[in-house]
Amino acid sequence: MAHLTGQERARYVKRMFARISRRYDLLNTVMTGGRHYAWRKRATRMAVEGLRGPALDIATGTGDFAFDLARRPEVTGVVGLDFTRDMLTLANGKANRQKLSNLTTFAAGDAHALPFTDDQFICATVGFGIRNFIDLPTALREMVRVVRSGGRVVSLEIVRMEGRGLMPKLLPLHFRYVTPWLGSLIARDREAYTYLPKSVENFLSATELDQAMRDSGLQNIRHKKLGLGTVAIHIGEKP
Ligand SMILES: C[S@@+](CC[C@H](N)C(=O)[O-])C[C@H]1O[C@@H](n2cnc3c(N)ncnc32)[C@H](O)[C@@H]1O
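Scope of this entry: the structure provided in the associated data block. None of these values were measured; they are calculated from a predicted model. (Residues numbered from 1 in each chain as written. Predicted model: local features only at pLDDT ≥ 70, side-chain atom pairs only at ≥ 80, totals over all residues.)

1. Remarks on the overall build of the protein
So, point 1. Scanning the protein from N- to C-terminus turns up eight helices and seven strands.
So, point 2. By principal-axis analysis of the C-alpha atoms, the protein measures approximately 45 × 40 × 35 Å. (Helix = DSSP H or I, 4+ residues; strand = E, 2+ residues; numbered from the N terminus.)

Listed below in structure tokens is the structure:
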């Protein structure tokens, strides 16, 4: 991956998510012991509490974050955006089955150039997506741009572990060896689930992501670690 240009990396990521799209939800559930549902619900509550209006979910994949947002009374409608069309097809099917099509719209687009005017949404969320962005500062600035003043940018993401304890040593090993094995067993795609631990190793720690959000112009930044410190919800407000 290191030898690829930004555009080549984006194409690689898009093809990879298209390949695993139909097994994505199942693997998420197996790898997190089903906790990913509770994590998104918690992030959703933090994103919208005390606000009212439309919400945006970026890198929406099969739409679970968008559906959690749509179920909140504060939210009047949700746009879910992703650059992988196979994911959006699955999201639309789930919206119909969950009777949420009237509240959700799924659109194709890139996180680095959001197809929306400024100051539209009460929040922009992204779940397990920003680790894959080729230019995080640009994508964060785009999220800030489309959120209205007082609105929130929220990320739920696997972060690089920091600290000296046993967990920061053991969990990356688990990721490196168990995740590719699960990926080949369940999604029959060892390569995609070898990419996952590598992308975490190359990603930011929770404290570094705080700083990246601050640099994008957000304020009141805080994070909450979950899943033994492997995952974090980050939240910041647009001034
Ligand atoms: C790991 S999935 C996350 C799906 C969902 N948000 C969730 O919580 O499970 C990552 C998604 O990000 C999308 N993605 C990655 N880079 C993107 C970009 N630059 N613009 C839009 N979508 C992107 C992929 O297509 C994929 O569907």
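2. As for unusual backbone geometry
So, point 1. Positive phi, normally seen in glycine, also occurs at Lys99, with a value near 55°.
So, point 2. As for its position among the elements, Lys99 is in the loop between helix H4 (85-97) and strand S3 (104-108).
So, point 3. A positive phi angle, near 55°, is found at Phe128, a position not held by glycine.
So, point 4. Structurally, the position occupied by Phe128 is in the loop between strand S4 (121-127) and helix H5 (136-146).
So, point 5. The exposure class of Phe128 is buried, given the 22 C-beta atoms found within 10 Å. (Buried ≥ 20, exposed ≤ 12 C-beta atoms within 10 Å, placed from the backbone.)

3. Looking at the site of the ligand
So, point 1. Near the ligand you find 20 residues, and of these Ala59, Gly61, Thr84, Ala111 and Gly127 are the closest.
So, point 2. For the shell around the ligand, the secondary structure elements donating two or more residues are helix H1 (6-32) and helix H3 (64-70).
So, point 3. Take the shell around the ligand: its biggest share by element is three residues, from H1.
So, point 4. The class makeup of the residues in the shell around the ligand is nine nonpolar, eight polar and three charged. (Near = placed C-beta within 6 Å. Nonpolar A, V, L, I, M, F, W, Y, C, P; charged D, E, K, R; others polar.)

4. Some words on the environment of Pro172
So, point 1. Mapped onto the elements, Pro172 comes out in helix H6 (residues 167-187).
So, point 2. Among the residues examined, Pro172 registers 16 C-beta atoms within 10 Å and is labelled partly exposed.
So, point 3. In the structure, Pro172 is positioned 25 residues away from Pro197 in sequence and 7.5 Å away in space, judged by C-alpha atoms.
So, point 4. Not counting residues within four places of it along the chain, the set of residues in contact with Pro172 comprises Met161 and Glu201. (Contact = placed C-beta atoms within 7 Å.)

5. Things to note about the nonpolar core
So, point 1. Counting 47 residues, the largest nonpolar core has Ala55, Cys123, Ala124 and Met143 as the members making the most contacts within it.
So, point 2. With near-sequence residues (within four places) excluded, Ala124 lies in contact with Leu56, Ile58, Met143, Val146, Val147 and Val153.
So, point 3. Counting residues in each nonpolar core, the second largest holds 17 residues, with Tyr24, Ala95, Ala192 and Tyr195 among its members. (Core = buried A, V, L, I, M, F, W, Y, C linked by C-beta atoms within 7 Å.)

6. Focus: the packing of H1 against H4
So, point 1. Relative orientation of the contacting elements H1 and H4 amounts to 30°, with a least axis distance of 7 Å. Considered as vectors, H1 and H4 are oriented roughly parallel to each other. Note on element contacts: H4 touches H1 through Asp86, Met87 and Leu90, opposite Phe17, Ala18 and Ser21.
So, point 2. Partitioned by chemical class, the residues of the contact of H1 with H4 number four nonpolar, one polar and one charged. (Axes fitted to C-alpha atoms, helices over the stretch in contact; angles between N-to-C directions. Parallel < 35°, antiparallel > 145°, perpendicular 65-115°, else oblique.)

7. Some words on helix H2 (residues 35-48)
The α-helix advances 3.6 residues per turn, and as a result positions three or four apart in sequence lie on the same side.
So, point 1. In this model H2 runs 21 Å from its N-terminal to its C-terminal C-alpha over 14 residues, within 8% of the 20 Å that 1.5 Å per residue would give.
So, point 2. Positive backbone phi, at 80°, marks Gly50, one or two positions downstream of H2. (Expected span 1.5 Å × (residues − 1).)

8. Re the sheet that holds S4
So, point 1. Ordered by their spatial adjacency, seven strands build an open sheet running S3-S2-S1-S4-S5-S7-S6, and the pairing between neighbours is mixed. Taken across any chain shown, the strands that pair with only one partner, and hence form the sheet edges, are S3 and strand S6 (219-226). For this sheet, the mean inter-axis angle between neighbouring strands, taken without regard to orientation, is 15°.
So, point 2. Two strands pair when backbone bridges link them, and S6 and strand S7 (residues 231-237) are joined in this way by six bridges, in the antiparallel orientation. Within S7, the residue paired with Lys224 across the bridge is Ile233.
So, point 3. Together, strand S2 (75-82) and S3 form the strand contacts of H4, whose direction differs from that of S3 by roughly 170°. (Pairing = 2+ DSSP bridges.)

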